Amino acid sequence: MTTPFLSGLPLSQQVAAHILRQQAQRIGERVFAVCGDERITYAEADRRADRVAAALHALGIGKGERVALLLHNRLEYLDLWFGLSRIGAIQLPLNTAYKSAQLLHTLKRAPVAAVVVEDALLPELETIIGQLAPLKALVVLGSAQPRVKHKYLFYKDIFSGTPAPAVTVHGADVGAIMNTSGTTGPSKGVLLSHAQQYILGRNIVNDMALTEADVYYNCFPLFHNTAQAMITLPVLLTGARMVLVERFSVTRFWSDVRVHGCTAFYYIGETLRILLKSTSAADGAGSRLRIGWGIGASAADFTAFASRHGVEMRTGYGSTEGNVGVYLPHDKPNLASVGDRKSTRLNS
C-alpha cells in the first residue's frame, strides 16, 4: 500500500493533525504507537487528539496561543501534540531536565496560556510559577497536588463530551516552539511551522526508505524535534509503527528491538559508542533491525556498527532552525563529511 503524503501534499495540508485524521480513515485499525503495555491504533490516536482538542478549547485555549508541555515520553504527549495542532494552538515542549531557573527563562521568554505538567516534574515548576504571567490553566497529569496557590486541574478531569469547533490550521502556521540545546548560552526558542516539521519527516522517510512495514524505535524525548519530526512524523506519514520508550537504555535496547520487531532506529554518537562498547554481535542476533539514522557518530563507530549488525547507516547535517539540509550519499559515502561536493542542490 502506498502512502499519499510524500509528494504533492498541498502546503495547507502539511499539518500533523490533518495527516493523522486521514490515516485514521485509511488504516484506522493499524497500530500507530506502543508505549510499555499500552498501544493505540491510528483511529484511537485520532479520537484521543479530538478529546484533547475539545478539552483545551473548553479551557479557553485558542489558535495561536502557547501551551507548555512538561512531560516524559508517554502516549499523552502525542495526544497533546496532535490535539494542540487540531485547534491551531502552539506547543512549547520543555526539557524534563530543566531546573527552575531554566523553566523561568523559557516561560517568561514565551508567555504561555497554559501548562500541562506530569506530577513527578511539579517540584521545579512550583518554585517559579508565581513569577509567570497569569495562566488560563495549570493541568497536572497524575495525582500529586501542586503545593501552590494557583488553581489547577487534573488531566483526567478536563475532558467533556463537547467537541471543539472546526479551526482552519495551515501548514505555514507556527505549530511548535522548540528550544535549542543551550550549549552557547540560554536556550533559544525556534519557531517551527507545521510544514517545516512535515518536510523534515518526509525527507527522513525518503532517506531511510521507510514503509508501512517498518517499526521505528524511539528512545529520544518528545520535547525535542528529533523525536517529533524525525521519528514520529515519518511513522505517521508511512502508516508504520512507533515503539516509544522513556529513554535510551543500553541494557534494554536489543531486547526491545527484538521483542517489538523494530526495523529502524535513531542514534547519536554517544548511544552508538555505548552500544558498541557494552553489547556484542550476539546481543543483536535475531533482530529485524535494518537501518539507523542519526548524527554525531565517529567514522569508526558508524562503520563498526553497520558491519557488526548488518544495519544500513544514514546521517546528515542540520539544525533545529534549518532542518537537515545535507544528507550523506548512500552509494559512495565520505565519512569525513556529509553531502556530495559535486552537487549543491539541497533536499527541499
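Small disclaimer: the values here were computed from a predicted structure and weren't measured.

Caption draft 1: Up close: unusual backbone geometry. The backbone of Ala 209 sits at a positive phi, close to 55°, despite the residue not being glycine. If you trace the backbone, Ala 209 turns up in the loop between helix H6 (194-208) and strand E10 (215-218). On the basis of relative accessibility, which here comes to 49%, the residue Ala 209 falls in the partly exposed class. For Asn 323, which is not glycine, the phi torsion reads 60° and is therefore positive. Inspection of the secondary structure puts Asn 323 in strand E15 (residues 323-327). For Asn 323, a relative accessible area of 11% translates into the label buried.

Caption draft 2: Spatial organisation of the packing of aromatic side chains. Inspection of every chain in the model, using the stated rule, returns 15 aromatic pairs. Ring centres 5.6 Å apart and planes at 70° place the aromatic pair Phe 253 and Phe 265 in the edge-to-face group. Taken together, the residues span a long stretch of sequence, with Phe 253 in helix H8 (residues 253-260) and Phe 265 in strand E12 (residues 264-268) at a distance of 12 residues. Comparing Phe 253 with Phe 265, the two get one shared label, buried. Seen from their ring centres, Phe 265 and Phe 305 are 5.5 Å apart, and the 40° between their planes marks the pair as tilted. Of this pair, Phe 265 sits in strand E12 while Phe 305 sits in helix H11 (residues 299-309); the two residues are 40 residues apart in sequence, bridging distant segments of the chain. Using a relative accessible area of 0% as the deciding quantity, one classes Phe 305 as buried. Here the aromatic cluster, defined as three or more aromatic residues joined through ring pairs, consists of Tyr 217, Phe 248, Phe 253, Trp 254, Phe 265, Tyr 267 and Phe 305. Positioned over the ring face of Phe 159 is Arg 51, at 3.9 Å from the centre of the ring.

Caption draft 3: How the structure looks around the sheet that holds strand E13 (residues 291-295). Spatial strand order, E2-E1-E11-E10-E12-E13-E14-E15: eight strands in an open sheet with mixed pairing. The open sheet is flanked by strand E2 (38-41) and E15, the only strands paired with a single partner. Taken over all neighbouring pairs, the strand axes of this sheet differ in orientation by 25° on average, direction set aside. Here E10 pairs with strand E11 (residues 241-244) via four bridges, running parallel. Along E11, the bridge assignment pairs Val 215 with Arg 241. Most of the contacts of H6 go to E15, to which it runs at about 30°, and overall it touches E10, E12, E13, strand E14 (312-319) and E15.

Conventions and cut-offs
- Residues numbered from 1 in each chain as written.
- Predicted model: local features only at pLDDT ≥ 70, side-chain atom pairs only at ≥ 80, totals over all residues.
- Heavy atoms only, no water.
- Helix = DSSP H or I, 4+ residues; strand = E, 2+ residues; numbered from the N terminus.
- Buried < 20%, exposed > 50% of the residue type's maximum accessible area, 1.4 Å probe, protein only.
- Phe/Tyr/Trp six-rings, centres within 6.5 Å; stacked < 30°, edge-to-face > 60°.
- Lys NZ or Arg CZ within 6 Å of the ring centre and 35° of its normal.
- Pairing = 2+ DSSP bridges.
- Axes fitted to C-alpha atoms, helices over the stretch in contact; angles between N-to-C directions.
- Contact = heavy atoms within 4.5 Å.

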